[in-house]
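# Coordinate inspection notes
Each chain, written out:
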Amino acid sequence: MAITKVRASGINLSGNTSYLNMPKGATTQRPSSPVVGMIRENTTLNKIEVYNGTEWRALKENVPSIEYLVLAGGGGGGGWGGGGGAGGLLTNSFAPASGTTYTVTVGTGGTAGVYTTTYATGGDGSNSSISGSGLTTVTAIGGGGGGKYSNVVGRAGGSGGGGGMVNASSGNIAGGAGTSGQGNDGGLGGFKSGSYYIGGGGGGGAGAIGGNRNQPSSYNGGNGGNGLQSSITGTTKYYAGGGGGHTDGRGAGASFQAPGGLGGGGIGGNYVSASSGLAATSGTNGLGGGGGSAFTADASQLAGSGGNGTVIIKAPNSFTISVTGSPTLNPDGAVLGFKIYEFGTGGGTFTIS
């Protein structure tokens, strides 16, 4: 086909409200001897492309992004030891591919340490994730379980579990390590002082390490580390707080209970005797908090389990989105210009078109 050259410094089509119909064809139909500046519609890729002298490059498209919050399950509180670490927390955004189905997995909280013939470490929370073709899988790591009596460190996780206690006159018990970019380490657990025990360490949170034992006074468990705030749902709230460590109330701890971190961390228990004391509380579901630690060898002094995680996506109204798995639409009320879906432990999928 002959090429007609238009000899002008510019072509003004501003008065035309219809369209400019440019050459189009498959990738295999590209010109055999392209020249810099050639432009065409590639019907194989469904994109406008330009030859830059070396290769054909698609014009960049301004594709709106989906914002996400991926939160794993929190770790369970240990038996007579450390609080559970919060679930790992990841927030960011990505440009979705039209027609691609993305799979959502939501982690559950770890089990509380349960006394049988001995004390038990808290269970780890399970991971949460978003995956799909063309997306590097986003995986938040479950929180580490709290350490137990005697001499058992907190477990590693999204945030680490607090250190347990030791039957010795000195020494600290380490908290578990948190995952970089997702959470923090658990606090130190303590030792025996006379006939009493120094408290267990607090579980780490997404925003702060777990508190060490003896805060604010001897025999107290460490506070759970605070989580981080997000406004993805239109309401600002904390997520991923660590669980409080165990307190020996026979000493100066009295009736103190170590607070859980902001973001759903469970409160630590307080031991008075083998049949008397205060139970811990569990991490909050949907906030991925760690469970508090308690004595556990008495039915009234049980440790707390970790809170379930969540996955939240925030998509502009310009997207048509279909979902499976029964997520909650706009969990904290409608936000102008967006659709917000919060997935629970059943998980599900979402597809953009």
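Residues numbered from 1 in each chain as written. Predicted model: local features only at pLDDT ≥ 70, side-chain atom pairs only at ≥ 80, totals over all residues. Heavy atoms only, no water.

### Let's talk about the overall build of the protein
Counting secondary structure elements, the protein contains 0 helices and 21 strands. Taken against the 2.2 N^0.38 rule, which gives 20 Å for 353 residues, the C-alpha radius of gyration of the protein at 28 Å runs more than 25% over that of a compact globule. Oriented by its inertia axes, the alpha-carbon framework of the protein measures out at about 100 × 40 × 35 Å. In the protein, which comprises 353 residues, the proportion classed as buried is 47%. In the protein, the share of contacts with a sequence separation of at least 24, taken over all contacts with a separation of at least 6, comes to 53%. Per element, the accessible surface of the protein, about 15700 Å² overall, is 51% carbon and sulfur. Distance between charge centroids for the protein: 8 Å, based on 16 positive and 11 negative side chains. (Helix = DSSP H or I, 4+ residues; strand = E, 2+ residues; numbered from the N terminus. Rg over C-alpha atoms; globule rule 2.2 N^0.38 Å. Buried < 20%, exposed > 50% of the residue type's maximum accessible area, 1.4 Å probe, protein only. Contact = heavy atoms within 4.5 Å. Areas by Shrake-Rupley, 256 points an atom, 1.4 Å probe, with all protein chains shown as cover. Lys, Arg positive; Asp, Glu negative; His and termini not counted. Charge placed at Lys NZ, Arg CZ, Asp CG, Glu CD.)

### Observations concerning the pattern of salt bridges
For the structure shown, the criterion picks out 6 salt bridges. Arg30 is paired through a salt bridge with Glu49; the nearest N and O atoms lie 2.8 Å apart. Residue Arg30 is located in the loop between β1 (24-25) and β2 (39-42), and its partner Glu49 is located in strand β3 (residues 47-51); the two are separated by 19 residues in the primary sequence. Linking Arg40 and Glu49 is a salt bridge whose minimum nitrogen-to-oxygen distance equals 2.8 Å. (Salt bridge = Lys/Arg side-chain N within 4 Å of Asp/Glu carboxyl O.)

### Brief notes about the sheet that holds strand β20 (residues 338-343)
Taking strand neighbours across the sheet as the criterion, the 5 strands line up as β6-β5-β17-β20-β19 in an open arrangement whose pairing is antiparallel. Lying at the two open borders of the sheet, with one neighbouring strand each, are β6 (89-94) and β19 (328-329). Where strand β5 (residues 66-71) meets β6, 6 bridges bridge the pair, whose relative direction is antiparallel. Across the sheet, Leu69 pairs through a bridge with Thr91, a residue of β6. (Pairing = 2+ DSSP bridges.)

### A closer look at the sheet that holds strand β7 (residues 101-105)
Reading across from one edge, β9-β8-β7-β21-β18 is the order of the 5 strands in this open sheet, with antiparallel pairing throughout. The sheet is open, and its two borders are formed by β9 (135-140) and β18 (321-324), each paired with just one other strand. Direction aside, the axes of adjacent strands within the sheet are offset by 15° on average. Note that β7 and strand β8 (residues 128-132) share 3 bridges and pair antiparallel. Each bridged residue has a counterpart across the sheet, and for Thr105 the counterpart in β8 is Ser129. (Axes fitted to C-alpha atoms, helices over the stretch in contact; angles between N-to-C directions.)

### Looking at the nonpolar core
If you look at the biggest cluster of nonpolar residues, it comprises 22 residues, and the most contacted ones within it are Ile66, Ile130, Ile313, Phe343 and Phe350. Dropping the residues within four chain positions of it, Ile66 is found in contact with Asn92, Ser93, Phe94, Pro96, Ile313, Lys314, Ala315, Phe319, Phe350 and Ile352. If you look at the next biggest cluster of nonpolar residues, it comprises 11 residues, including Ala86, Ala206, Leu287 and Ile312. (Core = buried A, V, L, I, M, F, W, Y, C linked by side-chain atoms within 4.5 Å.)

### Considerations on the environment of Ser126
Tracing the sequence through the fold places Ser126 in the loop between β7 and β8. A residue is classified by how much of its surface remains accessible, and Ser126, at 29% relative accessible area, is partly exposed. Ser126 sits 20 residues away from Val106 along the chain, and the two C-alpha atoms are 8.0 Å apart. Beyond its immediate sequence surroundings of up to four residues, Ser126 is in contact with Ala72, Gly73, Gly107, Thr108 and Gly142. Within the structure, the side chain of Ser126 is placed 2.7 Å from the backbone nitrogen of Thr108, a separation counted as a polar contact. (Polar contact = N/O pair within 3.5 Å; in protein donor to acceptor, adjacent residues only side chain to side chain.)

### Observations concerning the pairing of strand β15 (residues 270-273)
Bridging between strand β14 (residues 247-248) and β15 involves 2 bridges; their strand directions are parallel. Looking at the pairing, Thr247 lines up with Asn270 of β15. Where β15 and strand β16 (residues 276-278) come together, 3 bridges link them in antiparallel fashion. For Asn270, the partnering residue across the bridge sits in β16 and is Leu278. From the end of β15 to the start of β16, which pair antiparallel, there are 2 residues.

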